[in-house]
Amino acid sequence: MLKENVLDVASNPLRIKIDPGSRETGIAVINDDSGEIVFAMELKHRGQQIKNNLESRRAIRRSRRNRKTRYRKPRFDNRTRAEGWLPPSLKSRVHNIETWVNRLCRFCNIQAISMELVRFDMQKIQNPEISGVAYQQGELMGYEVREYLLEKWDRTCAYYCGKTDIPLEIEHIVPKSKGGSNRVSNLTLACTACNRKKGNKSLEQFLSRKPRLLKRIQKQSKVPLKDAGAVNATRWDLFRTLKKTGLPVETGSGGLTKFNRTTRGLHKTHWLDAACVGESTPEKIFQIDKAVLIVKANGHGSRQMCRVNKFGFPRTTAKSTEKKVKGFQTGDIVKAVVTSGKKVGTYIGRVAVRKSGSFNIKTVDKTVQGISWKYCSLLHASDGYSYNTTC
């Protein structure tokens, strides 16, 4: 236990290293002089969850508009987006990293930042041999998307019937409801009957009885680059955000990161990739008995005032604007020591508050209901993240 106030403690200068990703980002704090990894974490983003929530809200509003029922009036389409605007699903990734960089700067003697300024060349990923005029013309080479698809799929239905000289519809190979993108690599042509029959099934499920056809379509199509696009779209915004800290920001390529990791004999994980970002990477990197912190972005709750049914009508009453009950709010990590009743014991987990003061506590393996607030003590206030560790 600390009993004396020690002034002017000398602390080693440290560096934050960041390996940005679409779904997960690796962050490591390294001592450049010794090569020790002082802190390591993997940050899981919630971009897809944000996108799904926005699409759900849009669908509900459109449904109400079509029924001519009461709704918030649409605003005029005369708004402009600020320079550098990013969709909320992408901006959240930048905000997550910014939050943790600021936290680490408060608790560590951070003197510099290194980040992997990833630049995915979309055309190079799909066709490594592309060069010259073809590279300048781009993937579509002057065709409109529909004309490009007609040429690519020989103006025939790509699925069961294989019909030609009929109206064809543009169809997503990987359904949008399952994360498919609008890139031409994820688009094909299908007649109305086949398109409806496939619905939102995966290609493997739809063509399970036609392995040859499945193999041909997979070979003819290209892998969607949704995650690569997300990283590519946010890299410069993240770089500008890190520059605002006032610290020197070093950048490196993905190839350099892989070279550093390979030459130092390290296996591939997000946090080890982060430790190997940039030319400043020490010749020897080591970690001494420190667990890796796994952080998942959960957000601060929903702004939706009440839940709705599948038709867009409210099915619950409007929630209270007051989040806290007896000093606790949903998402706080608490310790409850129950000394009487049927639920005697000690419970540690996240709490879901109720106005009555009877809380639910979600532990590692179960959810305990009906715990009085009097037995609870706060361990960690809700901050929009959940935490776990791995050795």
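Here is a short report on the structure shown in this document. Since we're looking at a predicted model, the values are computed, not measured.

Parameters at a glance
- Residues numbered from 1 in each chain as written.
- Predicted model: local features only at pLDDT ≥ 70, side-chain atom pairs only at ≥ 80, totals over all residues.
- Heavy atoms only, no water.
- Helix = DSSP H or I, 4+ residues; strand = E, 2+ residues; numbered from the N terminus.
- Buried < 20%, exposed > 50% of the residue type's maximum accessible area, 1.4 Å probe, protein only.
- Contact = heavy atoms within 4.5 Å.
- Areas by Shrake-Rupley, 256 points an atom, 1.4 Å probe, with all protein chains shown as cover.
- Polar contact = N/O pair within 3.5 Å; in protein donor to acceptor, adjacent residues only side chain to side chain.
- Phe/Tyr/Trp six-rings, centres within 6.5 Å; stacked < 30°, edge-to-face > 60°.
- Lys NZ or Arg CZ within 6 Å of the ring centre and 35° of its normal.
- Core = buried A, V, L, I, M, F, W, Y, C linked by side-chain atoms within 4.5 Å.
- 1 Å grid on protein atoms, 1.4 Å probe; cavity = no way out; pocket = protein on both sides within 12 Å on 5 of 7 lines; lining within 4 Å.
- Points joined across faces, edges and corners; volume = space filled by probe spheres on them.
- Axes fitted to C-alpha atoms, helices over the stretch in contact; angles between N-to-C directions.
- Left-handed = near helix turned anticlockwise from the far one by under 90°.
- Nonpolar A, V, L, I, M, F, W, Y, C, P; charged D, E, K, R; others polar.
- Arc of directions from axis to C-beta.
- Pairing = 2+ DSSP bridges.

## Brief notes about the overall build of the protein
Right, so step 1: When helices and strands are counted, the protein shows 11 helices and 14 strands.
Right, so step 2: For the protein, with 391 residues in total, the buried portion stands at 38%.
Right, so step 3: Restricting to contacts in the protein with at least 6 residues of sequence separation, those with at least 24 account for 61%.
Right, so step 4: For the protein, the accessible surface area stands at approximately 25,000 Å², while carbon and sulfur atoms represent 52% of it.

## So, the side chain of R15
Right, so step 1: Note on placement: R15 falls in strand 1 (residues 14-19).
Right, so step 2: Within the structure, R15 has its side chain in polar contact with the side chain of S114 (distance 2.9 Å).
Right, so step 3: Excluding residues within four positions of it along the chain, R15 makes contact with A28, V29, I30, D32, A112, I113, S114, E250 and S280.

## As for the packing of aromatic side chains
Right, so step 1: Tallied over the full model, the rule gives five aromatic pairs.
Right, so step 2: Ring geometry for W100 versus Y387: centroids 6.1 Å apart, planes at 70 degrees, classification edge-to-face. Of this pair, W100 sits in helix 2 (residues 88-107) while Y387 sits in strand 14 (residues 385-390), and the two are 287 residues apart along the sequence.
Right, so step 3: Classification of W100 by relative accessible area gives buried; the value is 7%.
Right, so step 4: Classification of Y387 by relative accessible area gives partly exposed; the value is 28%.
Right, so step 5: When the centroid spacing of 5.3 Å and the interplanar angle of 80 degrees are considered together, the rings of Y159 and F206 count as edge-to-face. Of the two residues, Y159 is situated in the loop between helix 5 (145-152) and strand 5 (169-172) and F206 in helix 7 (residues 203-206); the sequence distance between them amounts to 47 residues.
Right, so step 6: Residue classification places F206 among the buried residues on the basis of a relative accessible area of 5%.
Right, so step 7: Over the face of the ring belonging to W85 we find R81, whose NZ or CZ atom lies 3.9 Å from the ring centre.
Right, so step 8: Directly above the aromatic system of W100 lies the positively charged group of R103, at a separation of 4.6 Å from the ring centroid.

## Let's talk about the nonpolar core
Right, so step 1: The biggest cluster of nonpolar side chains holds 25 residues, and the ones touching the most others in it are I16, I18, W100, M115 and L242.
Right, so step 2: At the level of elements, strand 1, strand 2 (24-30), strand 3 (37-44), helix 2, strand 4 (110-116), helix 9 (226-243) and strand 8 (292-297) are the ones that each hand at least two residues to this core.
Right, so step 3: No other element matches helix 2, which puts five residues into this core.
Right, so step 4: Every residue in contact with I18, bar those within four places of it in the chain, is listed here: T25, G26, I97, V101, I113, S114, M115, E116, L242, A274 and V277.

## What to know about empty space enclosed by the protein
Right, so step 1: This structure, assessed with the given rule, holds one cavity of 30 Å³ or more.
Right, so step 2: Empty space within the largest cavity amounts to approximately 70 Å³.
Right, so step 3: Around the largest cavity sit P20, G21, S22, R93, V94, I97, E116, A230, V231, T234, R235 and L238, which together line it.
Right, so step 4: Among the elements of the structure, helix 2 and helix 9 are those that each provide at least two residues to the lining of the largest cavity.
Right, so step 5: For the lining of the largest cavity, the element with the most residues is helix 9, which contributes five residues.

## Topic: the packing of helix 2 against helix 9
Right, so step 1: With their axes 9 Å apart at the nearest point, helix 2 and helix 9 run at an angle of 35 degrees to one another. Pair helix 2 / helix 9 crosses with right-handed handedness. Across the interface between the two elements, L90, K91, R93, V94, I97, E98 and V101 from helix 2 touch A230, A233, T234, D237, L238, T241 and L242 from helix 9.
Right, so step 2: Of the residues assigned to the contact of helix 2 with helix 9, the class counts are eight nonpolar, two polar and four charged.

## Overview of helix 8 (residues 211-220)
Right, so step 1: Here helix 8 has its buried residues at L213, L214 and I217. For helix 8, the arc enclosing every buried residue in end-on projection is 100 degrees, short of the 170-degree limit, so these residues lie on one face. Exposed residues lying more than 90 degrees from the buried face of helix 8 are P211, R212, K215 and K219.
Right, so step 2: On its buried face, helix 8 is in contact with helix 7.

## What about the sheet that holds strand 13 (residues 376-380)?
Right, so step 1: If you walk across this open sheet you meet the five strands as 12-11-10-9-13, and the pairing is antiparallel. The two strands at the open ends of the sheet, each matched to only one other strand, are strand 12 (367-372) and strand 13. Ignoring strand direction, the axes of neighbouring strands in this sheet form an average angle of 45 degrees.
Right, so step 2: Inspection of the sheet shows strand 10 (residues 345-352) paired to strand 11 (residues 358-362) by three bridges, in the antiparallel sense. Bridge pairing in strand 11 places A352 opposite N360.

## Here we look at the pairing of strand 11
Right, so step 1: The hairpin formed by strand 10 and strand 11 contains five residues between the paired strands, and G357 there has a positive phi angle of roughly 90 degrees.
Right, so step 2: Strand direction decides the pairing type here: strand 11 and strand 12, joined by four bridges, are antiparallel. Bridging from a neighbouring strand, K362 pairs with T367 of strand 12.
Right, so step 3: Connecting strand 11 to the next strand, strand 12, in antiparallel fashion are four residues.

## Focus on unusual backbone geometry
Right, so step 1: Backbone geometry at D154 places phi at a positive 60 degrees, although glycine is not the residue there.
Right, so step 2: Turning to its location among the elements, D154 is positioned in the loop between helix 5 and strand 5.
Right, so step 3: Its identity is not glycine, yet R155 carries a phi of approximately 55 degrees, on the positive side.
Right, so step 4: Along the chain, the position of R155 falls in the loop between helix 5 and strand 5.

Geometry only, nothing functional implied.
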